[in-house]
Structures are given as structure tokens and as C-alpha cells.
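If you want the building blocks of each chain, they are given just below.
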Amino acid sequence: MSGPPPSVTRTEDDAETVVQSLEQPELFALLYDRYAPDIHRYAARRLGDSAADDITADTFLVAFRIRSRYDRTRANARPWLYGIAGNLIGKQRRAEVRALRALARTGCDPLAASGSEFWIEDTDSRIAAQGPLAGALAGLSAPDRHVLLLVAWAELTYQEVAEALGIPVGTVRSRLNRARRKVRTALGADPAFVIDAAEVA
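**As for the side chain of serine 21**
Tracing the chain through its elements places serine 21 in helix H1 (residues 14-23). Look at serine 21 and you get buried, because its relative accessible area is 0%. A polar atom in the side chain of serine 21 sits 2.6 Å from the backbone oxygen of valine 18. There is a polar contact of 3.1 Å between the side chain of serine 21 and the side chain of arginine 67.

**Section: the packing of aromatic side chains**
Going through the model one piece at a time under the given rule, you end up with four aromatic pairs. Judged by centre distance (4.9 Å) and plane angle (70 degrees), the rings of tyrosine 32 and phenylalanine 60 are edge-to-face. One end of the pair, tyrosine 32, is in helix H2 (residues 29-47); the other, phenylalanine 60, is in helix H3 (residues 49-65), and 28 residues separate them in sequence. Its relative accessible area of 40% is what places tyrosine 32 among the partly exposed residues. A ring pair is formed by tyrosine 42 and tyrosine 82, whose centres lie 5.3 Å apart and whose planes are at 80 degrees; its orientation type is edge-to-face. Of the two residues, tyrosine 42 is situated in helix H2 and tyrosine 82 in helix H4 (residues 78-90); the sequence distance between them amounts to 40 residues. The residues tyrosine 42 and tyrosine 82 share a single accessibility class, namely buried. Its end group placed over the ring of phenylalanine 64, arginine 67 keeps NZ or CZ at 3.9 Å from the ring centre.

**Details of a positive patch on the surface**
Taken together, Arg93, Arg94, Arg98 and Arg101 make up a surface patch of like positive charges. Of note, arginine 94 is situated in helix H5 (residues 93-106). Note on arginine 94: relative accessible area 68%, which makes it exposed.

**Here we look at the pattern of salt bridges**
Overall, the coordinates contain six salt bridges when judged by the stated rule. Ionic pairing is found between arginine 41 and aspartate 38, a salt bridge with its closest N-O pair at 2.9 Å. Here the residue arginine 41 and the residue aspartate 38 both occupy positions in helix H2, the gap between them amounting to three residues, near one helical turn. Arginine 41 sits in the partly exposed class, given a relative accessible area of 23%. The salt bridge partner of glutamate 163 is arginine 74, with a shortest N-O separation of 3.9 Å. Of the two residues, glutamate 163 is situated in helix H10 (residues 158-165) and arginine 74 in the loop between H3 and H4; the sequence distance between them amounts to 89 residues. One network of salt bridges, in which partners are shared, links Asp71, Arg74 and Glu163.

Calculation rules
Residues numbered from 1 in each chain as written. Predicted model: local features only at pLDDT ≥ 70, side-chain atom pairs only at ≥ 80, totals over all residues. Heavy atoms only, no water. Helix = DSSP H or I, 4+ residues; strand = E, 2+ residues; numbered from the N terminus. Buried < 20%, exposed > 50% of the residue type's maximum accessible area, 1.4 Å probe, protein only. Polar contact = N/O pair within 3.5 Å; in protein donor to acceptor, adjacent residues only side chain to side chain. Phe/Tyr/Trp six-rings, centres within 6.5 Å; stacked < 30°, edge-to-face > 60°. Lys NZ or Arg CZ within 6 Å of the ring centre and 35° of its normal. Patch = residues over 30% accessible without salt bridge, like charges linked within 9 Å, V, L, I, M, F, W, Y side chains within 5 Å. Areas by Shrake-Rupley, 256 points an atom, 1.4 Å probe, with all protein chains shown as cover. Salt bridge = Lys/Arg side-chain N within 4 Å of Asp/Glu carboxyl O. Lys, Arg positive; Asp, Glu negative; His and termini not counted. Charge placed at Lys NZ, Arg CZ, Asp CG, Glu CD.

In C-alpha cells form, the structure reads like this:
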């Protein structure tokens, strides 16, 4: 794509980009350029590389089709896009649980082994590649797992998770607290003695 026509001012305000794209559909590509790598990375960590390609493409296709319903008071479209991606991932819940259980059995993360450009080599990613954590994640309910991974892997704030899922912030907090406790218990920690500053913030 050669970029927007000269008459259109490029803006970092996603809401304005969405509004402008109603008249000039090609401008929606700005959101793709801005957020596709993040969406792909998140989907790949949950479902693997090949499924992530489809999830990413479908996320932006759905977003494009429903862009006229975008809440224009939200300057940042990131939570909205993660919400769409999460719904698509939810439809593949069985595949995600199968992948997590396979990771728990083998301890080998196929995404890390593939050398994917979207794999992040940091402490959290190395921890996520461990089998016990994958097993604990597989044991969570889909809503709890989704909230936990939006915070841990997508690095959304509680408010952004609430926007992405269309739920109150209090529900985000309770699901996250429940998910963290279950994961800690599954990993052998006593959740009564583990305090996370984010839970009391």
C-alpha cells in the first residue's frame, strides 16, 4: 500500500483513523500496520504460528467489517482488536487446550523452537515454555485463562482488558485473582502466602 492520500492527515488517534476509514477504506491499513505484530504474537503464544496467521487476518477482517460500530470515545483501538482476537481464539478453545497439554507433557514449545520472529526471548516467555505452567493454564476455565493471558502476554491494563472483553473492571480483577491462585496452586505454591502487588493495586 502506498499510504494515505495527501488530503488525509495521518494520526495516532485510532478512533480518528477508524472514522476516516469509513470514507477511505484503505486507511484501515494503518491499524493493521500498528497492531498486527502484537495480535499475531499473542495468538501465536496461545495457538501456534499457523493458527496465528489466520487469527490475525480474521481479526482485522472482522474489525474492518464492524468498524462503523467502533466506540469513537476510545482513542486506542488495541483493546478492541484484542477483544476480537480473543473471541476468535475462543472458538478454537479445544486446539488451545490441546496445545497447552502437549506443551505440559513435552516441555517443548513449538513456537520457541520454530525461531518465529514474533517469539519474545524474555523471562516471561521462557517461563511460559515450561510444561507445568502450560498444564496449569490448560486447567483454567476459558474466561479466566483469557483474562490472565491478556494481562500477562498482551500486557493490557485491567481497564483495557475490561474494554476488550466488554466486562466490568471488577470482573477482570476477580477472574485474574482466581486464575493466579489456581496457577500458583497447580505449580505448588501456597497462594495464601503469595501476594501480588497488582492484585491489591
